[in-house]
Amino acid sequence: MTTAPVPPPSNLEPVPDWLDEIEGERALAWVAQRNAATRAAYDNTPGFAELRADIQAILDAPDRIPRAGQAVGALYNFWTDAAHPRGLWRRTTWEAYRAGATAGSEQTDWEELLDLDALGAAEDTAWVWHGAAVLRTGPRAGRRALITLSAGGADTDVTREFDLESRHFVPTDPDGGTGFHRDASKGFLTWADDDGEAVMLADDFGPGSLSPAGYPRQVRRLRRGQSPQEGEVLLTAGADDDGAWAYRDPWGRTWLLTHPDFYTEELWLLPDGAPTLAAADAERCLADAQTVVAPGALHVDVPASAAVTPAWDLLLIELREDWETTAGCIYPAGSLLAAPIDAFLDGSRELTVLFTPTPTTSLSGFTITAHHLVLTLLDDCVTTLEVLTPAGPDGTGPWRRHRPDLGALLGAATATGGEPADPADPTLLRPGRALVDVSASAVDPREDDRLWLTVSSFTRPTALAVGELDGVGKLGAVEVLREAPARFDASGIVVTQHVAVSDDGTRVPYFQIGRPARDDAGASRPAPTLLYGYGGFEIPLGIGYLPVTGRAWLERGGTYVVANTRGGGEYGPAWHRAGLKRNRHRVYEDFAAVARALVERGVTMPAQLAVRGGSNGGLLVGVMLTRYPQLVGAVVCEVPLLDMRRYHRLLAGASWEAEYGNPDDPEQWEFIREFSPFHLLQPGRSYPPALLVTSTRDDRVHPAHARTMAYRMLELGQDVTYFENNEGGHGRAATNAQRAYMQALEYEFAWRALGG
């Protein structure tokens, strides 16, 4: 759904509403005109083609680490390169994967399963890979998969059953077959039994079946050979909910859930054989404005804001808010609790505390192996791992705890490189500690206790290893499987972590990466600096290798900065909630505080500072453009939200009211308008140069946000560059060639605008 733009101040004419027509003739003609102007300004200029080619070489490098996932003993990988821009789905054995890494090249023997370039050519569709679910149990284990594909990279996608033996899609009913499939929607199709004879489907079932955000409201279970209209009904979400979902966990249990809003959920366990609703009840359930669930489903009674994950015979409960149970116990927000499933469903509230947050440490995530739980913690924005082992199968009693020894895997990643940071700098945060990212994920939670392990830093490429936890949770021998080569010259680059002080006194961390800039006399001088942020949806920004940024920015002498503002998940739910709705201004004050700190410390100057962000981060830098133009010299704004008066009526925007508020409520609009960049633009004011980037195929954040902002800025005589890719969805690009062009454009725009 779209609506005409809110009327601007009386001295500005409304922008034309035809810009909202995603593929309207006038809109696409305007886009083509703007794209042509951008290409004329960049494509044939000195250095741009070389930068673009270098970035694509990085993205397509044959010696990249081929990340793999295990299913039924085989390792599956999706791979793109210059010869296969849309990609290959393939698999191999552990032996071949181990043997495949040789010095300077990747020589794994892969079995090719599906060539997306060939498929797209045959079907005249620019398919983009959205994933595959290999059946792991029963007689078809490792022989069938559900493959999800998107036309052009949009969130809207399709799912088809694939035969791994014949390497063809299984024919569907109109073709005389009984293969499972899902039509184009923002829904899902997932296995529903051990034998591959049933699936759970959420789809566009017709009028009233989609939520205001465009996600399916109803989940049906289909047996092989049944049409969607014949499937039994498991769950129908309320008319105002964000949607309905279902999944089958690794231990064979079926779970149903709705999201009343982005940060709340309602969860049920559907026991095998439990009564459901007949296909004939489907339309009646959709006509009901309330949630309707299968009569045999068992409700999981936890706070609506809690997130629940099954593990073995336990429920793992993550709290976003404090929880006071009927027993009078209070568990703080950010905690992780465990409870036996059966006892909890029977009314017991005996909970085991697995993690409690501290002022500096929060839970970022976890992975489950056959016998252990591995937590990923953020300690002042730097990841650490902790292994927890239950005393018994019911999870009661004390759990063993170990910090895994990653030993040689960390290696040189502990070094910051370059000259040491000034220990007298009062803005340094915990100087001297290793700024390294580590991650762990289970190889197969039902089979064993092996872990995929990775380690990287801002300047050290990723290393991939596999290790195994013993019976008490100690990490055994770690086998390094791959180490990616360096993609840029990191010599002399210094990585430090600092804090800025926001308007209300809150300390805001940020990472700084770059070579110290010196003048001819050896004195420090400001350098072109690119400040990146996000600040929303409880998503933390952390450490990771920066191959493209290194080549396109750091090698040129630029400094790169990552800000950890409120609204993100760096310090758990409280850090996120501090930037919600009427407190949204704190996110922007935090980001502005980092910008000021960089100038105060002499790292850069306003005229040499660019800000960059995408999606919610695009809103962040849009606010910097309009509220803090004096602090920045350029703005790179990707797939952004910018018109907050009607964001909730554009595509998936309705699902984000829990983050920003409801602009239809006059009281809420009063604070929302203060972070609506489109409405903050004023005639007669000078704004820094801006690059706005979006995608015609973005069906999550409507391209009208970027289109109308660019149109208005051009109308006001501002320096604005615009580029809209014709595919790629919310990710902006569908192939590495497209990604290389857009990233080269963004870095080159910022470098030129700052006078680099």
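Because the structure is predicted, anything quoted here is derived from the model rather than measured.

**Comments concerning the overall build of the protein**
Stage number 1. Summing up its helical and strand segments, the protein has 15 helices and 42 strands in all.
Stage number 2. Relative to the globule expectation of 27 Å for 756 residues, the C-alpha radius of gyration of the protein, 26 Å, shows essentially globular dimensions.
Stage number 3. Seen through its C-alpha atoms, the protein measures out along the principal axes to roughly 75 × 60 × 60 Å.
Stage number 4. The buried share of the protein, taken over its 756 residues, is 59%.
Stage number 5. For the protein, contacts bridging at least 24 residues in sequence account for 61% of all contacts bridging at least 6.
Stage number 6. Carbon together with sulfur atoms contributes 50% to the accessible area of the protein, which is approximately 28,900 Å² in total.
Stage number 7. Across the protein, the centroid of the 67 positively charged side chains sits 3 Å from that of the 102 negatively charged ones.

**Overview of the sheet that holds strand β26 (residues 352-355)**
In any sheet, the strands associate via hydrogen bonds between backbone groups, in a parallel or an antiparallel arrangement.
Stage number 1. On the basis of which strands lie adjacent, the open sheet formed by four strands has the order β21-β22-β25-β26 and antiparallel pairing. With partners counted over all chains shown, the strands left at the sheet margins are β21 (307-311) and β26, one partner each. Ignoring which end each strand starts from, the neighbouring axes of this sheet average 30° apart.
Stage number 2. As defined by bridge partners, strand β25 (residues 336-340) adjoins β26 across three bridges and the pair is classed as antiparallel. Within the sheet, the bridge partner assigned to L336 lies in β26 and is F355.

**Some words on the packing of helix α9 (residues 585-600) against helix α10 (residues 616-627)**
Packed helix pairs are characterised by how far apart their axes lie and by the angle those axes make with each other.
Stage number 1. Viewed as axis vectors pointing N to C, α9 and α10 meet at an angle of 65°, and their least axial separation amounts to 10 Å. Judged on the interaxial angle alone, α10 and α9 are roughly perpendicular. For the pair α9 and α10, the crossing hand works out as right-handed. Contacts between α9 and α10 involve V587, Y588, F591, A592 and A595 from the former and L619, L620, V621, V623 and M624 from the latter.
Stage number 2. Residue composition of the contact of α9 with α10, by class: ten nonpolar, no polar and no charged.

**Some remarks on the pairing of strand β35 (residues 494-501)**
Stage number 1. In terms of burial, β35 is a largely internal element, seven of the eight residues being buried.
Stage number 2. Pairing between β35 and strand β36 (residues 507-514): eight bridges, direction antiparallel. The residue bridging H498 from the neighbouring strand is Y510, located in β36.
Stage number 3. Linking two consecutive strands that pair antiparallel, namely β35 and β36, is a turn of five residues; a positive phi of about 90° is found at G505 within it.

**Considering the pattern of salt bridges**
Stage number 1. Considering all chains together, one arrives at 49 salt bridges under this definition.
Stage number 2. Between E197 and R140 there is a salt bridge, with the nearest N and O atoms lying 2.3 Å from each other. Of the two residues, E197 sits in the loop between β12 (188-191) and β13 (198-202) while R140 sits in the loop between β7 (127-134) and β8 (144-151), which places them 57 residues apart along the sequence.
Stage number 3. Owing to a relative accessible area of 29%, E197 belongs among the partly exposed residues under this scheme.
Stage number 4. The residue R253 makes a salt bridge to D313 at a minimum N-O spacing of 3.4 Å. Taken together, the residues span a long stretch of sequence, with R253 in the loop between β16 (244-248) and β17 (254-261) and D313 in the loop between β21 and β22 (314-318) at a distance of 60 residues.
Stage number 5. Classification of R253 as buried rests on a relative accessible area of 15%.
Stage number 6. If you follow the salt bridges from partner to partner, you end up with R140, R144, E161, D163, E197 and R224 in one network.

**Examining unusual backbone geometry**
Most peptide bonds take the trans form, and the phi angle of most residues other than glycine is negative.
Stage number 1. Of note in this structure, W312 is not a glycine but carries a positive phi near 55°.
Stage number 2. Considering the arrangement of structural elements, one finds W312 in the loop between β21 and β22.
Stage number 3. The phi angle at L651 is positive, at roughly 55°, despite the residue not being glycine.
Stage number 4. Looking at the element boundaries, L651 is found in the loop between β40 (634-638) and α11 (657-660).

**Brief notes about the side chain of H705**
Stage number 1. Note that H705 resides in helix α14 (residues 704-715).
Stage number 2. Taking relative accessible area as the criterion, H705 reaches 2% and is therefore assigned buried.
Stage number 3. Beyond its immediate stretch of four places on either side in the chain, H705 contacts P640, L641, L642, D643, Y647 and L650.

**Quick notes on helix α7 (residues 547-554)**
Because an α-helix completes one turn every 3.6 residues, residues spaced three or four positions apart along the sequence face the same direction.
Stage number 1. Here α7 lies mainly inside the structure; seven of its eight residues are buried.
Stage number 2. All of the buried residues along α7 are V548, T549, G550, R551, A552, W553 and L554.
Stage number 3. If you follow the buried residues of α7, they end up packed against α2 (48-59), β36, β37 (529-532), β38 (559-563) and α15 (736-753).

**A short note on the confidence of the model for the protein**
Stage number 1. For the protein, mean pLDDT is 95; residues scoring 70 or higher make up 96% of the total.
Stage number 2. Here residues 412-418 is a poorly scored stretch, pLDDT under 50, and it has 16 contacts once near neighbours within four places are set aside; other chains count.

**Observations regarding the packing of aromatic side chains**
Stage number 1. Inspection of every chain in the model, using the stated rule, returns 29 aromatic pairs.
Stage number 2. Taking the centre distance of 5.2 Å and the plane angle of 15° together, the rings of W94 and W452 count as stacked. Of this pair, W94 sits in helix α3 (residues 94-99) while W452 sits in strand β32 (residues 450-456); the two residues are 358 residues apart in sequence, bridging distant segments of the chain.
Stage number 3. These aromatic residues form a ring-pair network of at least three members: F262, Y263, F537, Y588, Y647, Y660 and F675.
Stage number 4. Taking the ring centre of W79 as reference, the NZ or CZ of R64 above it sits at 3.9 Å.
Stage number 5. Sitting over the face of the ring of W110, R90 holds its NZ or CZ atom 4.1 Å from the ring centroid.

**A few points about the environment of P445**
Stage number 1. With respect to the helices and strands, the residue P445 is situated in the loop between β31 (437-442) and β32.
Stage number 2. Linking P445 and H372, residues 73 residues apart in sequence, is a C-alpha distance of 9.1 Å.
Stage number 3. Not counting residues up to four positions away in its chain, the partners in contact with P445 are P250, W251, I368, T369 and A370.

**Digging into α9**
Stage number 1. Between its first and last C-alpha, α9 extends 22 Å over 16 residues, near the 22 Å set by a 1.5 Å rise per residue.
Stage number 2. Taken together, the buried positions of α9 are occupied by V587, Y588, E589, D590, F591, A592, A593, V594, A595, A597 and L598.
Stage number 3. Looking at the buried side of α9, the elements it contacts are β35, β36, β37, β38, β39 (609-614) and α10.
Stage number 4. Phi for G602, located one or two positions after α9, is positive at around 80°.

**Digging into the pairing of strand β29 (residues 382-389)**
Stage number 1. Counting buried residues along β29, seven of its eight residues qualify, which places the element largely inside the surrounding structure.
Stage number 2. Note: strand β28 (residues 373-379) against β29, seven bridges, orientation antiparallel. Its bridge partner lying in β29, D379 is registered against V382.
Stage number 3. Between β28 and β29, which follow one another and run antiparallel, lie two residues, and D380 among them has a positive phi close to 50°.

Calculation rules
Residues numbered from 1 in each chain as written. Predicted model: local features only at pLDDT ≥ 70, side-chain atom pairs only at ≥ 80, totals over all residues. Heavy atoms only, no water. Helix = DSSP H or I, 4+ residues; strand = E, 2+ residues; numbered from the N terminus. Rg over C-alpha atoms; globule rule 2.2 N^0.38 Å. Buried < 20%, exposed > 50% of the residue type's maximum accessible area, 1.4 Å probe, protein only. Contact = heavy atoms within 4.5 Å. Areas by Shrake-Rupley, 256 points an atom, 1.4 Å probe, with all protein chains shown as cover. Lys, Arg positive; Asp, Glu negative; His and termini not counted. Charge placed at Lys NZ, Arg CZ, Asp CG, Glu CD. Pairing = 2+ DSSP bridges. Axes fitted to C-alpha atoms, helices over the stretch in contact; angles between N-to-C directions. Parallel < 35°, antiparallel > 145°, perpendicular 65-115°, else oblique. Left-handed = near helix turned anticlockwise from the far one by under 90°. Nonpolar A, V, L, I, M, F, W, Y, C, P; charged D, E, K, R; others polar. Salt bridge = Lys/Arg side-chain N within 4 Å of Asp/Glu carboxyl O. pLDDT = per-residue confidence, 0-100. Phe/Tyr/Trp six-rings, centres within 6.5 Å; stacked < 30°, edge-to-face > 60°. Lys NZ or Arg CZ within 6 Å of the ring centre and 35° of its normal. Expected span 1.5 Å × (residues − 1).

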